[in-house]
Amino acid sequence: MNDRTSALDSLVFGVDIQSGDVRGDAPSYAVVAFDGERVDRDVVSHRKLRRLIERETPAIVATDNMYELAADKDDLVRFLRALPPGTKLVQVTGAERPEPLSRVASRHGVPYGKKPMKEAEAAARLAAANVGYEVSAFENTTTVKVSRGRSTGKGGWSADRYTRRIHGSVKRTTRQVESKLKEAGLAYERDVTEKYGGYANAVFTVEAPPGDIPVSSRRSGDTRVEVERERRDGIEFEPLVKRRDHVIVGIDPGTTTAAAVVGLDGSVLDVFSTRTEDTAGVIEWLIERGRPLLVAADVTPIPETVEKFRRSFDAAGWTPPKDLPVDEKLHRTRAVEYDNDHERDALAAALFAFDDREDQFERISRKVPPNVERGLVISRVLGNDESVESVLRDLTEDENEEEETHEHQERELTEEERELRRLRDRAARLESQVEDLEATVEEKEATIEEYREELSDARREERRKARERQEVSRLEREKSRLERELSQERARSEELDGKLERLKALWKLDHSNFADVNTEKNLVPVKVVEQFTRDAIEQTVEQYGIAAGDVVYLRDASGAGRSTAERLADLEPRVVIRRGGLSQVADQVLFDHGVPVAPAEDVTIQEVDELAVARESEVGAAIDDWEVRAEERRKEQKSSMVDQIISEHRAESRAESRE
């Protein structure tokens, strides 16, 4: 128990599982109560153990494995939450990677046996000597919640008055809690939910553990008060005593002073440099990180400033045989991060000092028994030039003088005393069972009330979700209707856009923008057809329209057949101006329908953008010219017809004369 405080003056429980398994049914525990002098032993169930802890409120509940008290992490958190405010759960075998209890007990000179009761006693004695780590799952912040103790119900003729009364009670209790927190001088934050007639709930976040808060969890009538510590993300371990181990220190003095701390195993613990701190500030920084047993420099002889540090700690000094070269310092510190050359030099001094004394440390460690601190022995050997044996002899004699090695011998009890003890034990067990049953009844009543509230809340939530589903269905139907209307409107818009384009084209024709050419106002619009095909005609009809009496211009008149010519003739154009030759069939169809056809060479056509115009005089002249040619063509056709009739008559006459 070197470098540790004396045994606690308060009660410590040592606990070890006796039989069964916490994950199974009805585990039993060996419990040892130790107050520094007296030892009491008992075997109890898990439920009785918790009742015992709640009644006796020990300072520490010690165990070699925290998961002997809880099935898993969540169960462990519930166990920690149920502990009294002043009680700690301590794992005496270490933190995340615990050691065997036998090894820890041997190291600290505590009696150990393999039976559960002996292990429980060893855990209690170790925790009383401040050996172990406190198991913690909560922050140093506590939440105090004031809420409704009853459901407001479904309604009725007095529902408003009933609800107002409950919310008013919550508000009054909130004010009482807040007044107590202010009287205790505790810092807190408050968050309230206001409802009809008062508060539905109020949450106080208090910067203090539950033991410092003058409010406890309770349920009374219309209100409920819940006090809970805020949970951490995981399980954390804090040593009962923060030990200051022996360390090796490297110092680099100068305008910038640097210090490095290295453990006795060669691990780099910390490095530091400053331009503002004086010697006292650097010493304070070193004290916080350990007890220097060796102070090293990277040059020889030892600088005066480094010597002051050595004398301040009453430590041994170390210097190299000659000043350490920069390349060697760089190589030795290559695996460590540092901020500047001064930190590098201090770190190199400490590491080279460890390298020089490593074999000596190992020889001393092999001679030091487990229950004696190695650093203390090394410090005395280095600082006072003592032998390991003499140091161990002094330490052992001191411990023998302080230890009490007497054993408690219990006298044999009489029959009456044994009977009385049995009766007392039986009465205690019955009282414990009564307490357990009463607690079970209270828990079940509270659970039933919670289930009722949850059922009421679930029904309200289901009604709300049903209304939401109905509203969603209505909105989806409305969305479908609007999408159909939007689709119809888009189609109508596209149709109107087409009509608008055609109207624009017609407007351009009717309100000519050909100011540069239409100076005499004698121009006529011309509808242009790219080819004398049915598709080209339909495209022009769709874009600009071809009405009766329009002038049509065929850019390429060749290749048209009878049906194409008949389609153009059905539009009754005023004249067809062609470029290229017409087929004989198309020419005959247009002639038969009385559609004038003129070559493009006879009419001057001017085009602007997609529109075209021609002079009225030239169009009229072309029509007149066609009329002259058409009349001659009709006369020729009539003459040819008469000649054909005469020829046919003569042929018939000759045939009759032969007969």
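Residues numbered from 1 in each chain as written. Predicted model: local features only at pLDDT ≥ 70, side-chain atom pairs only at ≥ 80, totals over all residues. Heavy atoms only, no water.

Enquirer: Go over the sheet that holds strand S13 (residues 268–274), please, and point to the residues and values.
Expert: Strand order in the open sheet formed by five strands is S13-S12-S11-S14-S15, with mixed pairing between adjacent strands. Among the strands making up the open sheet, the edge pair consists of S13 and strand S15 (316–318). Put simply, the sheet's adjacent strands are angled 25° from each other on average, direction ignored. The pairing of strand S11 (residues 246–252) with strand S14 (residues 291–296) spans five bridges and is parallel. From the neighbouring strand, Ile 248 faces S14, where its bridge partner is Leu 294. Strand contacts of helix H6 (residues 279–287): S11, strand S12 (257–263) and S13, with the helix running at about 15° to S12, the strand carrying the most contacts. Where helix H7 (residues 304–313) meets the sheet, its contacts fall on S11, S14 and S15, and the angle it forms with S14 comes to roughly 155°. (Pairing = 2+ DSSP bridges. Helix = DSSP H or I, 4+ residues; strand = E, 2+ residues; numbered from the N terminus. Axes fitted to C-alpha atoms, helices over the stretch in contact; angles between N-to-C directions. Contact = heavy atoms within 4.5 Å.)

Enquirer: Describe the packing of helix H15 (residues 584–592) against helix H16 (residues 616–658), with residues and values.
Expert: Contact geometry of H15 with H16 gives a least axis separation of 12 Å together with a crossing angle of 100°. The orientation of H15 relative to H16 falls into the category roughly perpendicular. Residue-level contacts link Asp 587, Gln 588 and Phe 591 of H15 to Trp 626, Ala 630, Arg 633, Arg 634 and Gln 637 of H16. Across the contact of H15 with H16, the residue classes break down as three nonpolar, two polar and three charged. (Parallel < 35°, antiparallel > 145°, perpendicular 65-115°, else oblique. Nonpolar A, V, L, I, M, F, W, Y, C, P; charged D, E, K, R; others polar.)

Enquirer: Which residues make up the packing of aromatic side chains, and what values go with them?
Expert: The full count for this structure, using the stated rule, is four aromatic pairs. Taken together, a centroid distance of 5.7 Å and an interplanar angle of 65° make the contact between Tyr 188 and Phe 204 edge-to-face. Here Phe 204 lies in strand S8 (residues 198–206) and Tyr 188 lies in strand S7 (residues 188–195), a separation of 16 residues in the sequence. Considering the side-chain rings of Phe 354 and Phe 361, the 6.4 Å spacing of their centres and the 45° angle between planes classify their relative orientation as tilted. The ring centre of Phe 591 lies 4.2 Å from the NZ or CZ of Arg 633, which sits over that ring. (Phe/Tyr/Trp six-rings, centres within 6.5 Å; stacked < 30°, edge-to-face > 60°. Lys NZ or Arg CZ within 6 Å of the ring centre and 35° of its normal.)

Enquirer: I'd like a description of the pattern of salt bridges, backed by residues and values.
Expert: Taken as a whole, this structure holds 41 salt bridges when the rule is applied. A salt bridge links Arg 165 to Asp 222; its shortest N-O distance comes to 3.1 Å. Here Arg 165, found in helix H5 (residues 159–183), pairs with Asp 222, found in the loop between strand S9 (218–220) and strand S10 (223–239); they are 57 residues apart in sequence, far enough to count as distant. Residues Arg 464 and Glu 468 are paired through a salt bridge, measuring 2.1 Å at the closest nitrogen-oxygen approach. Placement of both Arg 464 and Glu 468 in helix H12 (residues 415–510) is noted, with a separation of four residues, approximately one turn of the helix. Given the relative accessible area of 32%, Arg 464 is considered partly exposed. Given the relative accessible area of 40%, Glu 468 is considered partly exposed. When salt bridges that share partners are traced, they join Arg 219, Arg 224, Glu 449, Glu 450, Arg 452 and Glu 453 into one network. (Salt bridge = Lys/Arg side-chain N within 4 Å of Asp/Glu carboxyl O. Buried < 20%, exposed > 50% of the residue type's maximum accessible area, 1.4 Å probe, protein only.)

Enquirer: So what about the side chain of Gln 91? Which residues, and what values?
Expert: Within the element layout of this structure, Gln 91 appears in strand S5 (residues 88–91). A relative accessible area of 3% places Gln 91 in the buried class. A polar contact of 3.0 Å, which involves the side chain of Gln 91, links it to the backbone oxygen of Gly 94. (Polar contact = N/O pair within 3.5 Å; in protein donor to acceptor, adjacent residues only side chain to side chain.)

Enquirer: For the nonpolar core, give the residues involved together with the corresponding values.
Expert: The tendency in soluble globular proteins is for nonpolar side chains to be buried side by side. Grouped together as the largest cluster of nonpolar side chains are 31 residues, with contacts concentrated most on Ile 248, Leu 293, Leu 294, Phe 361, Ile 364, Val 377 and Ile 378. Only S12, S14, S15, helix H9 (341–367), helix H10 (374–384) and helix H11 (388–402) provide two or more residues apiece to this core. Among the elements that line this core, the one with the most residues is H9, at 11 residues. In this view, Leu 293 contacts His 246, Val 247, Leu 264, Ala 315, Ala 316, Phe 361, Gly 375, Ile 378, Ser 379 and Leu 382; residues no more than four positions away in its chain are not counted. Among the nonpolar cores identified, the runner-up in size contains 27 residues, and Val 22, Val 31, Ala 33 and Ile 235 belong to it. (Core = buried A, V, L, I, M, F, W, Y, C linked by side-chain atoms within 4.5 Å.)

Enquirer: I'd love a proper account of the layout of surface pockets, names of residues and values included.
Expert: With a probe scaled to a water molecule rolled over the atoms, the places where space remains empty come into view. By volume, the largest pocket amounts to about 1,900 Å³. Lining the largest pocket are 48 residues, with Arg 81, Ala 82, Leu 83, Ser 217 and Val 227 positioned closest to its centre. Residue composition of the lining of the largest pocket, grouped by class: 18 nonpolar, nine polar and 21 charged. (1 Å grid on protein atoms, 1.4 Å probe; cavity = no way out; pocket = protein on both sides within 12 Å on 5 of 7 lines; lining within 4 Å. Points joined across faces, edges and corners; volume = space filled by probe spheres on them.)

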